[in-house]
Amino acid sequence: MEQIVAENVSKYYTVPPEKGGRNHERLQVLTNVSFRVERNEFVSILGPSGCGKSTLLRMLAGLDRDYEGTIRMEDVDLKKNRVPVCYMLQKDHLLPWRTLMENVLLPAEIEGADLKKEAEAVRPMLREFGLEEFENYRPHALSGGMRQRAALLRTYRMRGDIMLLDEPFGALDEITRMQMQDWLLDVWGKHRKTVVFVTHNIEEAILLSDRVLVMSPRPGTIVKDIRIDFQRPRNRDMLLGSQFLGYKKDILASLG
Ligand SMILES: Nc1ncnc2c1ncn2[C@@H]1O[C@H](COP(=O)(O)OP(=O)(O)O)[C@@H](O)[C@H]1O
Ligand SMILES: [Mg+2]
């Protein structure tokens with residue numbers, strides 16, 4: 001059974017009039033977005049800036065219920081109920097006055113969970129996330145890649161089987177970004193959750209995903225659903241072959 005089912009989702013924002021104007025304008029951001037995601041699938045949503053990707057992800061997180069159509073997650077209608085998900089915004093949003101560990105413990109703290117127990121569960125994961133020996137550092141003393149991994153670890157520790165990641169590597173330099181992609185392939189192989197990964201980077205989408213959903217410019221809709229058949233475990237060498245170029249060509253053609 002599918003874990004996420006979106007059917008004919010459309011979304012409008014009401015934009016206040018410019019100075020001197022009178023009428024509120026209705027801005028259509030999404031039109032008839034439909035897709036399904038299976039349990040433990042890694043699906044990327046790829047589309048141009050402004051096409052509504054972040055808007056869509058906010059809806060999947062249950063933070064925006066003002067839309068047409070339906071989204072069901074674990075068979076729950078998101079307009080009626082919430083499903084816990086691990087949601088990460090593009091910015092790392094680490095709290096600067098907290099140490100790395102205190103930041104990772106934040107979701108547990110909010111839920112009133114046993115922090116000592118949670119810290120014990122987190123500690124062995126620090127190594128995998130490349131953060132060993134840094135648990136008492138504050139964010140400003142970490143590199144961009146480390147901050148992003150800390151934010152990913154915090155997201156991973158949130159309650160829920162679905163990770164929603166909004167351009168998690170968007171702000172990183174190209175080399176760090178490549179390292180983070182390789183690293184994500186590796187950890188995701190070990191700790192699978194369902195992932196919906198928003199990006200505007202074509203290579204990244206192909207490298208990481210089981211499927212790439214390509215969106216049109218605003219009002220965004222899904223124009224192509226491409227299955228990426230590379231075997232796992234994957235590595236960057238796939239990006240040199242003709243199969244990769246075939247996918248890239250396909251995506252570029254559907255981006256128009
Ligand atoms: N709260 C809001 N009110 C009005 N317009 C918004 C709001 N949030 C986003 N938008 C507009 O909706 C469109 C899609 O935004 P967004 O979902 O952030 O796109 P993307 O993440 O694909 O770049 C943009 O034109 C943006 O300006
Ligand atoms: Mg966005």
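Rules behind the numbers
Residues numbered from 1 in each chain as written. Chains lettered and ligands numbered in written order. Predicted model: local features only at pLDDT ≥ 70, side-chain atom pairs only at ≥ 80, totals over all residues. Heavy atoms only, no water. Helix = DSSP H or I, 4+ residues; strand = E, 2+ residues; numbered from the N terminus. Rg over C-alpha atoms; globule rule 2.2 N^0.38 Å. Buried < 20%, exposed > 50% of the residue type's maximum accessible area, 1.4 Å probe, protein only. Contact = heavy atoms within 4.5 Å. Areas by Shrake-Rupley, 256 points an atom, 1.4 Å probe, with all protein chains shown as cover. Lys, Arg positive; Asp, Glu negative; His and termini not counted. Charge placed at Lys NZ, Arg CZ, Asp CG, Glu CD. Phe/Tyr/Trp six-rings, centres within 6.5 Å; stacked < 30°, edge-to-face > 60°. Polar contact = N/O pair within 3.5 Å; in protein donor to acceptor, adjacent residues only side chain to side chain. Domains from an automatic or database assignment. Buried area = accessible area lost by both parts, 1.4 Å probe. Salt bridge = Lys/Arg side-chain N within 4 Å of Asp/Glu carboxyl O.

**Digging into the overall build of the protein**
So, step 1. What the protein contains, in helices and strands, is eight helices and ten strands.
So, step 2. In summary, the protein has a C-alpha radius of gyration of 19 Å against a globular reference of 18 Å for 256 residues, a match within 12%.
So, step 3. Each of the three principal axes of the protein carries a C-alpha extent, and together these read 55 × 50 × 40 Å.
So, step 4. Counting every position in the protein, which comprises 256 residues, the buried fraction comes to 50%.
So, step 5. Pairs at least 24 residues apart make up 69% of the contacts formed inside the protein by residues separated by at least 6 positions.
So, step 6. Accessible surface for the protein amounts to roughly 13100 Å². Of this, 49% is attributable to carbon and sulfur atoms.
So, step 7. Of the side-chain charges in the protein, 38 are positive and 37 negative, and the distance between the mean point of each set is 3 Å.

**A look at the packing of aromatic side chains**
Where two aromatic rings form a pair, the distance of their centres and the angle of their planes describe that pair.
So, step 1. All told, the structure shown has six aromatic pairs when counted by the stated rule.
So, step 2. On the numbers, 5.6 Å between centres and 75° between planes, the contact of phenylalanine 230 with tyrosine 247 is edge-to-face. One end of the pair, phenylalanine 230, is in the loop between strand S10 (222–227) and helix H8 (242–255); the other, tyrosine 247, is in helix H8, and 17 residues separate them in sequence.
So, step 3. The exposure class of tyrosine 247 is buried, given its relative accessible area of 11%.

**Focus: the environment of lysine 193**
So, step 1. By the element assignment, lysine 193 lies in the loop between helix H6 (174–190) and strand S8 (194–199).
So, step 2. Along the sequence, lysine 193 and glycine 160 sit 33 residues apart, while their C-alpha atoms lie 8.7 Å from each other.
So, step 3. Residue contacts for lysine 193: discarding those within four places in its chain leaves Asn40, Glu41, Cys86, Tyr156, Met158, Gly160, Asp161, Met163 and Trp188.
So, step 4. Looking at lysine 193, its side chain comes within polar contact range of the main-chain oxygen of tyrosine 156, at 3.0 Å.

**Thoughts on the domain arrangement of the protein**
So, step 1. Each domain of the protein was delimited in the assignment, giving domain 1 (2–85 + 160–255) and domain 2 (94–158).
So, step 2. Between domain 1 and domain 2, the C-alpha centre-to-centre distance is 25 Å.
So, step 3. Each side of the interface is counted separately: domain 1 has 14 residues, and domain 2 has eleven residues.
So, step 4. When domain 1 packs against domain 2, the two sides together hide about 1200 Å² of surface, and 68% of this comes from carbon and sulfur.
So, step 5. Linking domain 1 with domain 2 are zero salt bridges, by the criterion used here.
So, step 6. Where domain 1 meets domain 2, there are five residue pairs in polar contact (both at pLDDT 80 or more).
So, step 7. Looking at the side of domain 1 that touches domain 2, the elements with two or more residues in it are strand S7 (162–166) and H6.

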